[in-house]
Amino acid sequence: MLSGERKEGGSPRFGKLHLPVGLWINSPRKQLAKLGRRWPSAASVKSSSSDTGSRSSEPLPPPPPHVELRRVGAVKAAGGASGSRAKRISQLFRGSGTGATGSGGAGGPGTPGGAQRWASEKKLPELAAGVAPEPPLAARATAPPGVLKIFGAGLASGANYKSVLATARSTARELVAEALERYGLSGSPGGGPGESSCVDAFALCDALGRPAAGGVGGGEWRAEHLRVLGDSERPLLVQELWRARPGWARRFELRGREEARRLEQEAFGAADSDGTGAPSWRPQKNRSRAASGGAALASPGPGSGSGPPAGSGGKERSENLSLRRSVSELSLQGRRRRQQERRQQALSMAPGAADAQIGPADPGDFDQLTQCLIQAPSNRPYFLLLQGYQDAQDFVVYVMTREQHVFGRGGNSSARGGSPAPYVDTFLNAPDILPRHCTVRAGPEPPAMVRPSRGAPVTHNGCLLLREAELHPGDLLGLGEHFLFMYKDPRTGGSGPARPPWLPARPGTAPPGPGWAFSCRLCGRGLQERGEALAAYLDGREPVLRFRPREEEALLGEIVRAAAAGAGDLPPLGPATLLALCVQHSARELELGHLPRLLGRLARLIKEAVWEKIKEIGDRQPENHPEGVPEVPLTPEAVSVELRPLMLWMANTTELLSFVQEKVLEMEKEADQEGLSSDPQLCNDLELCDEAMALLDEVIMCTFQQSVYYLTKTLYSTLPALLDSNPFTAGAELPGPGAELGAMPPGLRPTLGVFQAALELTSQCELHPDLVSQTFGYLFFFSNASLLNSLMERGQGRPFYQWSRAVQIRTNLDLVLDWLQGAGLGDIATEFFRKLSIAVNLLCVPRTSLLKASWSSLRTDHPTLTPAQLHHLLSHYQLGPGRGPPPAWDPPPAERDAVDTGDIFESFSSHPPLILPLGSSRLRLTGPVTDDALHRELRRLRRLLWDLEQQELPANHRHGPPAATPP
């Protein structure tokens, strides 16, 4: 909605428009000078005599020129000078730049007075310094349109005023028609007879009054002077040329034509009664023209008795001219003199102005020069334009009015997909500027951050900017091929760098030695300095790995190959750290679309390496050996060696996936902040990232499945000893909690050996704690199901369910749980071995107590056992020779079907699902690299990238790597 416009029950019809700056800034002094040649002075109008006001020795501030308010009939009936003056006013409003054109009276053509009436005013430019020529009305008519507020005076409820778009050529009748349409009334200049009569019934009035404290737009406001504009008058020129004096305000009102005529007559009648109305102007105007030393003094017309004696000379006329000049004309002369001094001061600031002579005929426009004297803001960051695209449209200073400032291309083009165009703070109309080109965020605390949009050419201090970077005061920001800005932030109080980073380090001096030819022109470094900086990077411990997109494939392949081969003595999470450095470099330094492609390539390389390792392990398994070769059972040590590469890939992929998820979330967050969440390119990038993360998920799942498969395969051959071995062997003592593996009974050592090997393997590979818990959870789930199924199966063929055998099984199970408790896995083991423990506890109940129990009590005491499993244990329990289960153990009819149809064996498919860890990655990418092995691998990769870069150069441009420093 236009500023200040209120409309009841509807939405705004126009967006926010601003008045053209040139319409208001370029004209006040020149219009005063011009109007001074057309209108009588204020002193001559208000004084009751011809000399009182004009003889004042102290010039007073010039009031704005007054608009004569006359009745329409009085204007038509007026003769002599009044009729001529009225016609001149009308011609001025019609865009005429000439003087009086009316006929008759003292100002009419053909009369000596009319030919030389304005001689004194024509001498004013000669008395003052040279003034820039007034732009003609024809040029003013081509100025940009402005907005006029037209007050309806109660035409519509809830509407105080309506804003209409007007140009310098818009007439009052056209604006009346447009305002009526805005108020919901019928009327247009091109309409039918009914519409034309509606326009004729209203008139546009120029009202002057004193506003209340709330301003013109609000509070009480009463028009004290009212003039009906003619249909052909141009309100925008009226508003431009004639300003209200301080304390007064002008506004345009839309009233009924009859009401406007009545109010106009009442206003003039009230003015006539107190002696300040329009009728008293006419004799004062005539006296003022004569008293100012006009043409009537030099060459009086026929019948004129107001001139000096015939013998008066030019000197007397000159004295009369200087003595009898009005107050407003004297003030105008002083203003012109001050204007000329300021104009010369402005021109003196231009190069070579000291030798230039500025005279009255200089065509330069002072108002345009004053616009060049710009004072930068003191409390907001801004951008200083160093190079633009169109000098006529570009500004010098672009101020940041929000914490986030967006540069983009102007226009009403919408984004793809029919979505609205992105919000832009500064419009740049160069052809290579994107609709949303660049975003700068400058919060209360430095530094500011600059982020280019996808595909937008942006440079920062002469270097191509692909990702978000810090922006400091004094930095150069280039947008496209045409715009170059300097960023300034007065809030820092001069806390920025002492020298801009784009200046040479040693201006005026060449680097020593012959290496000056190879020096960097941007930073001023010599070849020796560049070599030292390169050596510091190649051998440094900073967690940085820089590469170009063309070297990406070779770098990723080298990292994955070294990790798969197990070369060197890298730390367990070393491959993930190196790969994360590649991801971080892509996210910070390379273009926006590079990161999704890198993630996809990285995930595919890891998947291929893991798949090859799985095939190698499978080929070495005993079941895959040729026929005739005896199978050798797997030992915990052999399994640990085979599974170490898979466990390492699972640990590294898990940490890498967490790191990638953080980067993708940052990408989505930045897109939401910039309002680009629905951008098609961003959606495509996120889909590529999702595909890459899905491949990493698949790698984790595959390595987890293969690891637990080989571990459970080894456990399968060792678990039966828990049911068959007797811990109470002759001379053996039961070990306490936390005992070593060697102190455990021989029947439990193989099973506990597998658990210990798996625990050491996960610790050596630095597997994520969540995955360690889930790995042992799956091992305990398998052990519980396998032992319970073996227990159920052994009770069918031969007597097995006896109290003595149950006590042995209970003791073995307690020893295993105690050992796991000492290893830190007691809670997980207790949870997964619960069903086996309850089944063994049932068999350990003394026979006499068991015979007294009923089916319902046994079901209550052993809730984890299904009806089929409980009935199976009770029906095969050995009570003695020839004794069967008592009737109290029979299930009720309600559970008979569950007993008959239920499965007594545990299903291995009901294992817990694998849940990937949540939270931040454990990779340490800040601070220096402390691990020597990782530092050596980082140095090797940096030198590999240096060699690849040198191979692309011609032989005579290649340089050997700097001398390596000891780590």
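Model, not experiment: these values are computed from the prediction.

**Topic: unusual backbone geometry**
Point 1. With an omega of 5°, the peptide bond running from Pro 446 to Pro 447 counts as cis.
Point 2. On the secondary structure map, Pro 447 appears in the loop between β10 (438-441) and β11 (448-452).
Point 3. Within the chain, Glu 766 stands out as a residue other than glycine whose phi angle is a positive 55°.
Point 4. Mapped onto the secondary structure, Glu 766 falls in the loop between α25 (749-764) and α26 (769-797).
Point 5. A relative accessible area of 35% means that Glu 766 is categorised as partly exposed.

**Some details on the environment of Asp 432**
Point 1. Structurally, Asp 432 is set in the loop between β9 (426-427) and β10.
Point 2. Placed 23 residues apart in sequence, Asp 432 and Arg 409 show a C-alpha to C-alpha distance of 8.8 Å.
Point 3. Not counting the four nearest positions on each side in its chain, Asp 432 is found in contact with His 437, Pro 457, Gly 480, Glu 481 and His 482.
Point 4. Side-chain polar atoms of Asp 432 contact the backbone nitrogen of Glu 481, separated by 2.6 Å.

**A closer look at the packing of helix α22 (residues 636-673) against helix α23 (residues 680-718)**
Point 1. For the pair α22 and α23, the least separation of the axes is 9 Å and the interaxial angle reads 155°. In terms of orientation, α22 and α23 fall into the roughly antiparallel class. At the point where α22 passes α23, the crossing takes the left-handed sense.
Point 2. Its residues assigned to classes, the contact of α22 with α23 comprises 21 nonpolar, seven polar and two charged.

**A look at the confidence of the model for the protein**
Point 1. On average, residues of the protein score 74 in pLDDT, and 63% of them reach the 70 mark or higher.
Point 2. Predicted confidence in the protein is weakest over helix α13 (residues 281-291), with a mean pLDDT of 36, and strongest over α25, with 95.
Point 3. Note that pLDDT drops below 50 for residues 275-329; the model gives that stretch 89 contacts with residues more than four away or on any other chain.
Point 4. Scored below 50 in pLDDT, residues 348-361 makes 10 contacts in the model with residues more than four places away or belonging to other chains.

About the cut-offs
Residues numbered from 1 in each chain as written. Predicted model: local features only at pLDDT ≥ 70, side-chain atom pairs only at ≥ 80, totals over all residues. Heavy atoms only, no water. Helix = DSSP H or I, 4+ residues; strand = E, 2+ residues; numbered from the N terminus. Buried < 20%, exposed > 50% of the residue type's maximum accessible area, 1.4 Å probe, protein only. Contact = heavy atoms within 4.5 Å. Polar contact = N/O pair within 3.5 Å; in protein donor to acceptor, adjacent residues only side chain to side chain. Axes fitted to C-alpha atoms, helices over the stretch in contact; angles between N-to-C directions. Parallel < 35°, antiparallel > 145°, perpendicular 65-115°, else oblique. Left-handed = near helix turned anticlockwise from the far one by under 90°. Nonpolar A, V, L, I, M, F, W, Y, C, P; charged D, E, K, R; others polar. pLDDT = per-residue confidence, 0-100.

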